[in-house]
Amino acid sequence: MQPREAIILAGGFGTRLSHIVSDVPKPMAPVCGRPFLCYILDRLVCQQFTHIVLSTGHMHEKIEDYFGNEYNGIKISYARETTPLGTGGGMLFALQKCTTDNIVVLNGDTLFDIDFNSLIEFHQKHNPDLTMVLRNVENVSRYGEVCVDDQHRVISFREKDASQGAGLINGGIYVVKKSLFDGFQQGQRFSFETDILQSQYQQRTFRAYVANNYFIDIGIPEDYHRAQNEFESLK
């Protein structure tokens, strides 16, 4: 089997959680006695991933000291930003640690309990530049909305608060081709959401993989507290 690699973006400052969790980076926020990041890694272990690159920055040593170079049989590498590169620059930097051409990318503060085997099969079948994992929610206003056509192609993005009601949101998981970043330079600071997703979906092929599995984003205190109650069943 081809090596299965993933990048986890774990370098954010966690500003909205700082008054609750201030001594560790947001992905290390404790949930039911374990760092949030452990729950993400557990799912990658179960689904045959062989190599994880943790994209770190703020309080990177907290992550590196905890996980070291291996987690339950998965090799761990680090792409440590010395200056903030943004989500896009951080991804590009981390990609240099990967050996395969199609890599799964996840946000370190979001747990979306999907079937990665099915996602990767979908990406291989359609062979787009990017596959985005989307989720149906009852109200898209907090997240922004992603619109797709009947061929699972991404056709537009709507900003937060620009639309209301049920719809599809970005679940924070992608499968990307390395070539998606052609034209950007190592060390360049840029936003994956603004400079790639919202700027290039009309020129490139972006496919939507829709899943309705368990989803939580601990970026706000309300959902961080909710995770404490719900994660007992996810251990």
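A few points on the structure. (Residues numbered from 1 in each chain as written. Predicted model: local features only at pLDDT ≥ 70, side-chain atom pairs only at ≥ 80, totals over all residues. Heavy atoms only, no water.)

Moving on, we get to the sheet that holds strand E9 (residues 130-137). Spatially, E5-E6-E4-E1-E7-E12-E9-E13 is the arrangement adopted by the 8 strands of the open sheet, whose pairing is mixed. Both outer strands of the open sheet, strand E5 (70-71) and strand E13 (206-210), are each paired with one neighbouring strand and no more. Relative to strand E6 (residues 74-80), strand E4 (residues 51-56) runs parallel, the two being bridged by 6 bridges. Paired with Thr 56 across the bridge in E6 is Arg 80. (Pairing = 2+ DSSP bridges. Helix = DSSP H or I, 4+ residues; strand = E, 2+ residues; numbered from the N terminus.)

Taken together, the buried positions of helix H6 (residues 221-230) are occupied by Asp 223, Tyr 224 and Ala 227. The buried side chains of H6 occupy one side of the element, clustering within an arc of 105° when seen end-on. Of the exposed residues in H6, those oriented more than 90 degrees away from the buried face are Glu 222 and Asn 229. (Buried < 20%, exposed > 50% of the residue type's maximum accessible area, 1.4 Å probe, protein only. Arc of directions from axis to C-beta.)

Time to look at the packing of helix H1 (residues 36-46) against helix H2 (residues 60-67). Taken N-terminus to C-terminus, the directions of H1 and H2 make an angle of 50°; their axes are 12 Å apart at the nearest point. One way to sum up the angle between H1 and H2 is to call them oblique. Where H1 crosses over H2, the two elements pack in a sense that is right-handed. When H1 is examined against H2, the residues Leu 37, Cys 38 and Leu 41 are found in contact with a partner set consisting of Ile 63, Tyr 66 and Phe 67. (Axes fitted to C-alpha atoms, helices over the stretch in contact; angles between N-to-C directions. Parallel < 35°, antiparallel > 145°, perpendicular 65-115°, else oblique. Left-handed = near helix turned anticlockwise from the far one by under 90°. Contact = heavy atoms within 4.5 Å.)

Moving on, we get to H2. Along H2, the residues classified as buried are Ile 63, Glu 64 and Phe 67. Buried residues of H2, seen end-on, are gathered within an arc of 95° and therefore sit on one face of the element. Residues of H2 that are buried in the fold lie against H1, E4, E5 and E6.

Time to look at the pattern of salt bridges. Summed over all chains, the structure comprises 11 salt bridges. A salt bridge links Asp 113 to Arg 43, with the shortest nitrogen-to-oxygen separation between them at 3.0 Å. Of this pair, Asp 113 sits in the loop between strand E8 (110-112) and helix H4 (116-126) while Arg 43 sits in helix H1; the two residues are 70 residues apart in sequence, bridging distant segments of the chain. For Arg 43, a relative accessible area of 14% translates into the label buried. Between Arg 226 and Glu 230 there is a salt bridge whose closest N-O contact spans 2.9 Å. With Arg 226 and Glu 230 both in helix H6 and 4 residues apart, the pair spans about one turn of that helix. Here Arg 226 falls in the partly exposed class, since its relative accessible area comes to 29%. Taken together, the shared-partner salt bridges in this structure form one network comprising Arg 142, Asp 217, Asp 223, Arg 226 and Glu 230. (Salt bridge = Lys/Arg side-chain N within 4 Å of Asp/Glu carboxyl O.)

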